[in-house]
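# Overview (structure and organization)
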Amino acid sequence: MSHSSVEEKASSAVITDWRPEDPAFWQQNGHRIARRNLWISVPCLLLAFCVWMLFSAVAVNLNKVGFQFTTDQLFMLTALPALSGALLRVPYAFMVPVFGGRRWTAFSTGIMIVPCVWLGFAVQDTSTPFSTFVIISLLCGFAGANFASSMANISFFFPKQKQGGALGINGGLGNMGVSVMQLVAPLVVSLSVFAFFGSSGVAQPDGSMLYLENAAWIWVPLLVIFTLAAWFGMNDLAASKASLSEQLPVLKRGHLWIMSLLYLATFGSFIGFSAGFAMLAKTQFPDVQILHYAFFGPFIGALARSTGGAISDRLDGTRVTLVNFVLMAIFCALLFLTLPTHGEGGNFFAFFAVFMVLFLTAGLGSASTFQMISLIFRKITMERVKAQGGTEERAMREAATDTAAALGFISAIGAIGGFFIPKAFGASLDLTGSPAGAMKVFLVFYIACVVITWAVYGRKTKK
């Protein structure tokens, strides 16, 4: 194909000729198109994480503006978006090959405007029932589902030796949205940004004003901008088109379920700690203004994920994952030493430091497990198609489809951690007055993951 016809196809919304594994094609034009799609995908995904974790910053403040919710209800509101996000990731995982990456990114970014606008009005009216907040928090979960479609989409654009790095950047900088939201929300709620929409704020005991609606409304203009950027700047790949029936056989693979468990331990921990950390710290150390520090954990985890993909491409994802789980188990055990007992003792700085290492390892492990998924599914699909006498081209196409479907589905299982962890903290505090019961469960799980990673994947790499 001539250079000009590739240029012509690249400028149109749908690209019919896409061969990332062909070095000449990649060098000539492929890398530029792939990068442009990646750099529009990143801010769309970052905003999705901002909206997904909105309640982790809003719930802490609800009773300050006149609501009378219990601690368990507030933990529930921080956990619900993770539940709907996890469940919705399953259909979202299969959407890109059906509708195309450009169309789906624009649509899934645009619909996030709905819960943001609604939440802004709901927090200003103290007669808003708890059930309404439940519905809005479930709608925020739609934003969490974007991760599955976004990662599947980006996996189609890059050759296999660059997938770990590209998925690490997309996922890591996307995860950064949690941190951005937890940094921005506490700042904007103290400023009268949307006075022209009639937002008046609520006076606080210390004389300051709290404009809680700003935490939700601040994202709306950005969502509009990047919905348009996705629609006009991204591409649909004709090569990535696949029906649902072509993608579903991936659910029969044993590795899918093993990797889902490992990803639940890494990304599930990242998103669960992100959702529950501020509320947990507030219950254990009520004197500390936790919202000033809450954003550090997700920030460290997201940075670790951004670099973790490239590290895994170089050092082998299995090795990185194994070391990572050992560290997660050790630091989870150390956390017990930092907690107050019966409201006495405890060390906030030690608690904070140990949690930061847990965020770091959760982020790093999210990237290394994803890199393992790409390699494992590409390899088993290529071998299967060739054993059936299929061509190299068919093997490549099916491997890309299987990998994207696996990435999306496994990311759905991982996201359940975002529901389970805050709920476990809430239940443990409710029953015993301490989060230690929940932490014991996590510790056993991390130790089990060390054993599983070594037994299933670790021994094979020691050739």
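Anyway, here's the lowdown on the structure attached to this text. (Residues numbered from 1 in each chain as written. Predicted model: local features only at pLDDT ≥ 70, side-chain atom pairs only at ≥ 80, totals over all residues. Heavy atoms only, no water.)

## Observations regarding the pattern of salt bridges
Tallying each qualifying case throughout the model produces 10 salt bridges. Note that Arg19 and Asp22 form a salt bridge whose closest N and O atoms lie 3.4 Å from each other. Residue Asp22 is classed as partly exposed on the basis of its relative accessible area of 26%. A salt bridge links Arg384 to Glu398; the nearest nitrogen and oxygen atoms lie 3.7 Å apart. Of the two residues, Arg384 sits in helix H16 (residues 348-387) while Glu398 sits in helix H17 (residues 392-415), which places them 14 residues apart along the sequence. The exposure class of Arg384 is partly exposed, given its relative accessible area of 28%. Under the relative-accessibility criterion, Glu398 is labelled partly exposed at 23%. In the salt-bridge network here, residues are joined through shared partners; they are Arg384, Arg394, Glu398 and Asp402. (Salt bridge = Lys/Arg side-chain N within 4 Å of Asp/Glu carboxyl O. Buried < 20%, exposed > 50% of the residue type's maximum accessible area, 1.4 Å probe, protein only. Helix = DSSP H or I, 4+ residues; strand = E, 2+ residues; numbered from the N terminus.)

## Describing helix H14 (residues 296-315)
The first and last C-alpha atoms of H14 sit 27 Å apart over 20 residues, in line with the 28 Å expected at 1.5 Å per residue. Along H14, the sharpest change in direction is near 35 degrees and occurs at Gly308. Every buried residue of H14 is accounted for by Gly297, Pro298, Gly301, Ala302, Ala304, Arg305, Ser306, Gly308, Gly309 and Ser312. Along its buried surface, H14 packs onto helix H8 (130-157), helix H9 (160-188), helix H13 (254-284), helix H15 (317-335) and H16. Of the residues one or two after H14, Asp316 is the one with positive phi, at around 90 degrees. (Expected span 1.5 Å × (residues − 1). Bend = angle between axes of the 7 residues up to and from the residue. Contact = heavy atoms within 4.5 Å.)

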